[in-house]
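These are the residues of each chain, in order.
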Amino acid sequence: MTCPPKPRKIPHTITQLGRTRHDDYAWMKDDNWQNVLRDPALLRPEIAEHLRAENAYTHAVLSGTEALQDQLMAEMKGRMQLDDTYPALPHGPFFYQTSYSAGAQYPLYRRYPAGNAQAVQVLLDVNDAARGHDYYAVAAATHSPDHTLFAHAEDTQGSEIYRIRIRHLDGQSTIIPTVDNCSGAFVFSPDSRFLFWVWRDEHGRPARVYRRRIGEEADTLVYEEPDPGFFVGVEATRSGGWIIISTGNHDTSEAWLVPGHDPQAPPVCATPRQSGLIYGLHHQGSRFIILTNADGADDFRLMEAPDTAPERANWRDLVPHEPGRYITDCMVWSGHIAWRERRDANTRIIIRDHAGGIRALEPTEAAYDLTLSGGYEYDTTELRYVYQSPTTPRQWHARDMVTGADQLLKQQEVPSGHDPAQYRCWRLMATAPDGEQVPVTVLGRHDTPVDGSAPLLLYGYGAYGHAIDPVFSTRALSLVDRGWFHAIAHVRGGSEKGWNWFLGGRGRNKPNTFTDFIACATTLADAGFGASGRIVADGRSAGGMVMGAIANMRPDLFAGIVAVVPFVDELNTMSDASLPLTPPEWPEWGNPLEDAQAYDLIASYAAYEQVGPRAYPAILAMGGLTDPRVTYWEPAKWVARLRDHNRSDRPIMLRTNMEAGHRGATGRFDSLKEAALIHAFALWAVETAPPK
């Protein structure tokens, strides 16, 4: 086997709050990293050479799986409908939809007049826009309320620094100036004369909202956020009554209002920020519906207030708080409200009319995902939603909120064939060290023996209150059809069991996330879904933090660990206030620059700091050169330090995508290459693992 790269060590000592740490690989962070995000060619040659050497080593180690990767990719592609069209959304005189042409990497945005589905007009062919770019992503794309303009935000580096392009749809050939240095968030004013957009500062943070008159280049500052820990967004209410500027972090929020009928008016604060108060506004008639955690509503409540007086003192209960029923989101129409709520890792949708009448959508599978789907129209009785489960492909539905009539608009097709009866889904509970019951969702073939003989891939995330829902995955089937079990550990830090499930894996409680994951792995093994040493763990981004921690805590459990864009250099990253996400994420992890307890806690679990002389399993770390969220040097440094201390002969590998950022490859087929690599690694890791 080829030898892994041996990067040089440059002694580097950091003293902070009376504590000292050493980082021999700090040099891998390019001092010019902010410009590298905009132009990857500026990366210091020594770093670029090292990353390419790591890629070559990974390729060499896994070269024997190349035919398997091709086979896996072909299987995954065979489960995709190559020419696919999603249900059209009505908006006034048009229906708007996205579709894929056979063999196309990217979608078409298009529309047709109501009553004439054959008269299709292409609004944006992303394949044409992406031509000539190694990376291309669209953050948002939408038409103006008067249907004469179309705008989309594009990123051609993976750095999430976007450019907004606007064009006429009514035959005008006048070129509209682009908007640069954006976060990707934008909205047309209800009169279609202005664009509100979000500017990124030199650290990559969404910090200001500007207003631009369509066709002009001058911008007017509407709002500037003074707190570097708050990120800014902008949206328009479905009613057209308001433009809402939102600002906040993971702990606190604030909204500023611009009247839809007067988009040049200065914004007015709805209710001032208060530490720990989270709220979001939805406009209906003459009132705001407010989704909030006010007054100790840990799992959130719905309140209402006059739109002329939205201050906190005027909020009144509409749907009271009920512990254990976590209200995740809300949508409003002229005559109805719908919200999604979560109990014990499953969801349901509740529909309420003006008179207080209630209808509920509540499936009965052991594990499933039910989500509200957006639309453009406000004066409608139609609700769109999507249903799926690990065994059931996606279904798009339209439901009449008055009659309850339900229409299946589209069923996800699996061209190579899929029979749900051939698969089975289980929902287990793992007992954490402190006694908490952690949900686990497992997918397997109906005939796979539950006796410990089958390998297991276990996925986990556990951060920001983001729940990992049990969705249908055509990619997972490539392992399941080979006799594997595929499982999701719904660990604390997510919100699968409510907001307190999030708080139970946050800040000082962060170690619960890691011990929850280990409890899920051992519970599954004890129940016959896999066995110690035949489990592959998988986590991405903040889930990569879990991978780093469990590699240090229980390396013996795993044949392999996949860590994609992994947050593994936690202490150094949370100590660097220049990085885009650091100040906004101090509420999530703690601030080690000012808080000694936070420093000590992060140091106690930080993957990079805790690497030690252990027999590590095979590890595949994957990064993105232009990633502004988890910078490329985090996995690069982690892999280097792991190799220094590894006491096994299992390879530690790094693959950096030199043309992408946090989200990896963007084309729907290109992304399959990365998925095939991960699955091939998992299969290889189990096949080559030493016997227990």
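The structure this text deals with has already been given above.
Residues numbered from 1 in each chain as written. Predicted model: local features only at pLDDT ≥ 70, side-chain atom pairs only at ≥ 80, totals over all residues. Heavy atoms only, no water.

Visitor: Explain unusual backbone geometry to me, please; I cannot follow it from the model alone.
Guide: In most cases, non-glycine residues show a negative phi, while peptide bonds are predominantly trans. Positive phi outside glycine occurs at aspartate 295, with the angle close to 60 degrees. Note on placement: aspartate 295 falls in the loop between strand S20 (287-292) and strand S21 (301-306). Judged by relative accessible area, aspartate 295 falls into the exposed class, the value being 60%. Despite not being glycine, alanine 345 shows a phi value in the positive range, around 75 degrees. When you line up the elements, alanine 345 lands in the loop between strand S24 (336-343) and strand S25 (346-353). A residue is classified by how much of its surface remains accessible, and alanine 345, at 2% relative accessible area, is buried. (Helix = DSSP H or I, 4+ residues; strand = E, 2+ residues; numbered from the N terminus. Buried < 20%, exposed > 50% of the residue type's maximum accessible area, 1.4 Å probe, protein only.)

Visitor: I tried to follow helix H14 (residues 670-688) on my own but got confused; where do I start?
Guide: For an α-helix, 3.6 residues make a turn, and residues three or four places apart therefore share a direction. Helix length check: H14, at 19 residues, gives a terminal C-alpha distance of 27 Å against a target of 27 Å (1.5 Å per residue), a fit within 8%. Most of H14 is tucked away: 15 of the 19 residues are buried. (Expected span 1.5 Å × (residues − 1).)

Visitor: Could you clarify how one ought to interpret the nonpolar core in this entry?
Guide: Nonpolar side chains in soluble globular proteins generally cluster together in the buried interior. By size, the foremost hydrophobic cluster in this structure holds 79 residues, and its most contacted members are Leu51, Val442, Leu458, Phe517, Leu524, Phe558 and Trp638. Looking at which element gives the most residues to this core, the answer is helix H8 (residues 542-553), with 7 residues. Beyond its immediate stretch of four places on either side in the chain, valine 442 contacts Arg424, Cys425, Trp426, Leu428, Phe485, His486, Ala487, Leu524 and Phe529. With 32 residues, the next largest nonpolar core counts Ala559, Val564, Met653 and Leu683 among its residues. (Core = buried A, V, L, I, M, F, W, Y, C linked by side-chain atoms within 4.5 Å. Contact = heavy atoms within 4.5 Å.)

Visitor: Sorry if this is basic, but what is going on with the layout of surface pockets here?
Guide: A probe matching the size of a water molecule, rolled over the atoms, marks out where space remains unfilled. By volume, the second largest pocket is sized at about 630 Å³. Lining of the second largest pocket is provided by 26 residues; of these, Gln69, Arg655, Lys673, Glu674 and Leu677 occupy positions nearest its centre. Counting residues per element, the ones that place at least two in the lining of the second largest pocket are helix H2 (45-61), helix H3 (66-78), strand S38 (652-657) and H14. In terms of residue count, the dominant contributor to the lining of the second largest pocket is H14 (5 residues). (1 Å grid on protein atoms, 1.4 Å probe; cavity = no way out; pocket = protein on both sides within 12 Å on 5 of 7 lines; lining within 4 Å. Points joined across faces, edges and corners; volume = space filled by probe spheres on them.)

Visitor: Explanation requested: the sheet that holds strand S22 (residues 316-319) in the structure shown.
Guide: Sheet strands pair via backbone hydrogen bonds, and the direction of the pair is either parallel or antiparallel. The strand order across the open sheet built from 4 strands is S19-S20-S21-S22, with neighbouring strands paired in antiparallel fashion. With partners counted over all chains shown, the strands left at the sheet margins are strand S19 (279-284) and S22, one partner each. Across the sheet, the mean angle from the axis of one strand to that of its neighbour is 35 degrees, orientation sign disregarded. Across 6 bridges, S19 lies against S20 in antiparallel orientation. Paired with glycine 280 across the bridge in S20 is leucine 291. (Pairing = 2+ DSSP bridges. Axes fitted to C-alpha atoms, helices over the stretch in contact; angles between N-to-C directions.)

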